[in-house]
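Residues per chain, in single letters:
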Amino acid sequence: MVPHLITALNGPINELEARILESMPATERWFRLEWMEHTPTFYASVDLRNAGFKLAPVDTNLFPSGFNHLTAQMLPQAVQAAMAAIEKICPEARNLLVIPETGERCTFYLENLATLARIFTQAGLNVRFGTLDTSITEPTALALASGGSITLEPLVRKRGRLMLKGFDPCTILLNNDLAAGTPPQLMGLHEQYLLPPLHAGWTVRRKSQHFRAYEEVAKRFGKLLGMDPWLITPMFQTVDLQGKKSLDLLQAAADAQLTKVRRKYKEYGINEKPFVVIKSDIGSHGRGVMTIRDAKDIETLAERLPDSLGSEILVQEGVPTHERVHEAVAEPVVYTMDRYVVGGYYRVHAHRGIDENLNAPGASYVPLAFAESPHLPRPGEKPGASAPNRFYMYGVIGRLAMLAASYELEATDPLAEAEAA
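Given the structure is predicted, the values throughout are model-derived calculations rather than measurements. (Residues numbered from 1 in each chain as written. Predicted model: local features only at pLDDT ≥ 70, side-chain atom pairs only at ≥ 80, totals over all residues. Heavy atoms only, no water.)

Novice: Quick rundown of helix H4 (residues 107-122)? Include the residues and the values.
Specialist: Here H4 spans 23 Å end to end across 16 residues, near enough to the 22 Å set by a 1.5 Å rise per residue. For H4, every residue scored as buried is listed here: Tyr 109, Leu 110, Glu 111, Asn 112, Leu 113, Thr 115, Leu 116, Ala 117, Ile 119 and Phe 120. (Helix = DSSP H or I, 4+ residues; strand = E, 2+ residues; numbered from the N terminus. Expected span 1.5 Å × (residues − 1). Buried < 20%, exposed > 50% of the residue type's maximum accessible area, 1.4 Å probe, protein only.)

Shown next, in the form of structure tokens:
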């Protein structure tokens, strides 16, 4: 299923799709060479926005939930990718300890954990869940809406290793973004692989670091294909809201971004009103995201700025979404594991506009037809008319964001910094 792309301005995106397909051997070789130099993030999800005139990532999550939204047809790809990842990291791995979000008991999240357990069990691992929640002092079964249950167990720290009672893993998978800080139980582990690493958590990570890395990746990829990297890149800048003149700085940043976007729109003959998105530079699960169409609107925001924004602010070029599922606004979300696209879905919101954040209460999820599409495009078909071609393009942009995350984690790796010193 390909949702209808509601825009008359689909020329550049069709041209981009055609160029990526024509350059498929060069594109795949380029990725292959990049992965020889850089280590893929263990897993990720990438939110994309398809404006018709550009296709760009607007958020990259290194601790993705939502695996329950992948279809059964997608799981074999995820299992194969999990096998490849584990084989590189710890070939003799037998036990996998998964650490979920603390206190998260919603039905969707528990189903996400169950799907992760299914993937890694089929990849040949014994999977158990250890929680950082200190209120859980004995194995606790949590019922799943689909039937069955998962069991959370208290963590045990022993001789520099993190384990459960009777379960000593060589690999620990974080499905917890560490937004509340880095727990001491996870520090200084001895001969255990922690995936993703601690500096991927929001105690260290910043969205601006990711998008700076993405700009670098997009420029190199754009040069390979001979295209303007803006067609796949959201412009941005950061603002520190501390101090008396912070709102003035925020207004100036928004005005500067809107001016840059207007110039690009004029260059490409795009007859739409630009907007910017104001959000926290630290992960906030979609909370506190605000759309600004005129910098003057910020003057009225002083009392309405949500606490979830914090003081570190990202002012990002707004990329409208012109995709629809059942007449509702939709955006594609691509899931990756190791260096592979393993699936995805459309995030759909019937009560949000094309220039608004869709990661909000009331969103629903429709699987992408990703069973074959991300790896088996059909060159020669009319641009914009083929589901496999459209989804291959989504997969390429998702992999660019994943590669940018690799660049980002290399730049913030405390061990690399220590060695350099």
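Novice: How would you sum up the pattern of salt bridges? Please name residues and give values.
Specialist: Scanning the model with the defined rule gives 14 salt bridges in all. Glu 28 serves as the salt-bridge partner of Arg 399, at 2.9 Å between the closest nitrogen and oxygen. Here Arg 399 is found in helix H7 (residues 387-411), whereas its partner Glu 28 is found in helix H2 (residues 24-37), with 371 residues between them in sequence. For Arg 399, a relative accessible area of 7% corresponds to the buried category. Two residues, Glu 331 and Arg 347, come together in a salt bridge whose shortest N-O distance is 2.6 Å. Taken together, the positions of Glu 331 in strand E17 (residues 328-337) and Arg 347 in strand E18 (residues 340-349) put the pair 16 residues apart, joining distant regions of the chain. The pair formed by Glu 331 and Arg 347 is uniform in burial state, with each residue classed as buried. (Salt bridge = Lys/Arg side-chain N within 4 Å of Asp/Glu carboxyl O.)

Novice: With reference to specific residues and values, describe the environment of Glu 15.
Specialist: Along the chain, Glu 15 falls in helix H1 (residues 11-22). Considering only alpha carbons, one finds Glu 15 and Phe 53, 38 residues apart in sequence, at a separation of 9.5 Å.

Novice: Quick one: what's the story with the sheet that holds strand E14 (residues 290-292), residue by residue and with numbers?
Specialist: Taken in spatial order, the four strands of this open sheet run E12-E15-E13-E14, and their pairing is antiparallel. Only two strands of the sheet have a single partner each, and these edge strands are strand E12 (236-240) and E14. This sheet shows a mean twist of 25° between the axes of neighbouring strands, independent of strand direction. Bridging between E12 and strand E15 (residues 312-317) involves five bridges; their strand directions are antiparallel. Paired with Val 239 across the bridge in E15 is Ile 313. Along the sheet, helix H5 (residues 207-225) makes contact with E12, strand E13 (276-280) and E15, crossing E12 at roughly 155°. Across the sheet, helix H6 (residues 246-268) touches E12, E13, E14 and E15, and the angle it forms with E12 is around 175°. (Pairing = 2+ DSSP bridges. Axes fitted to C-alpha atoms, helices over the stretch in contact; angles between N-to-C directions. Contact = heavy atoms within 4.5 Å.)

Novice: I'd love a proper account of the pairing of strand E4 (residues 95-100), names of residues and values included.
Specialist: Counting buried positions along E4 gives six out of six residues, so the element sits mostly inside the fold. Alternating positions in E4 separate into two faces, Asn 95, Leu 97 and Ile 99 on one and Leu 96, Val 98 and Pro 100 on the other, with burial throughout. For the segment spanning E4, H4 and strand E5 (residues 126-131), crossover handedness is right-handed. With five bridges connecting them, E4 and strand E10 (residues 171-175) associate as parallel partners. Its bridge partner lying in E10, Leu 96 is registered against Thr 171. (Right-handed = clockwise from strand over helix to strand, strands pointing away.)

Novice: Outline a negative patch on the surface, supporting the account with residue identities and numerical values.
Specialist: A cluster of like negative charges, contributed by Asp 248, Asp 255, Asp 294, Asp 297 and Glu 299, occupies part of the molecular surface. In this structure, Asp 248 sits in helix H6. (Patch = residues over 30% accessible without salt bridge, like charges linked within 9 Å, V, L, I, M, F, W, Y side chains within 5 Å. Areas by Shrake-Rupley, 256 points an atom, 1.4 Å probe, with all protein chains shown as cover. Lys, Arg positive; Asp, Glu negative; His and termini not counted. Charge placed at Lys NZ, Arg CZ, Asp CG, Glu CD.)

Novice: An account of the packing of aromatic side chains is needed here, citing residue identities and associated values.
Specialist: Per the counting criterion, the structure on display carries 16 aromatic pairs. Seen in terms of ring centroids, Phe 53 and Trp 230 are 6.4 Å apart; in terms of plane orientation they differ by 15°. Their pairing is stacked. Placement of Phe 53 in the loop between strand E2 (43-50) and strand E3 (55-61) and of Trp 230 in the loop between H5 and E12 is noted, with a sequence separation of 177 residues between them. Assigned by exposure class, Phe 53 and Trp 230 land together as buried. Judged by centre distance (5.2 Å) and plane angle (90°), the rings of Tyr 345 and Tyr 365 are edge-to-face. Placement of Tyr 345 in strand E18 and of Tyr 365 in strand E19 (residues 364-367) is noted, with a sequence separation of 20 residues between them. (Phe/Tyr/Trp six-rings, centres within 6.5 Å; stacked < 30°, edge-to-face > 60°.)

Function cannot be inferred from these measures alone, as they are strictly geometric.
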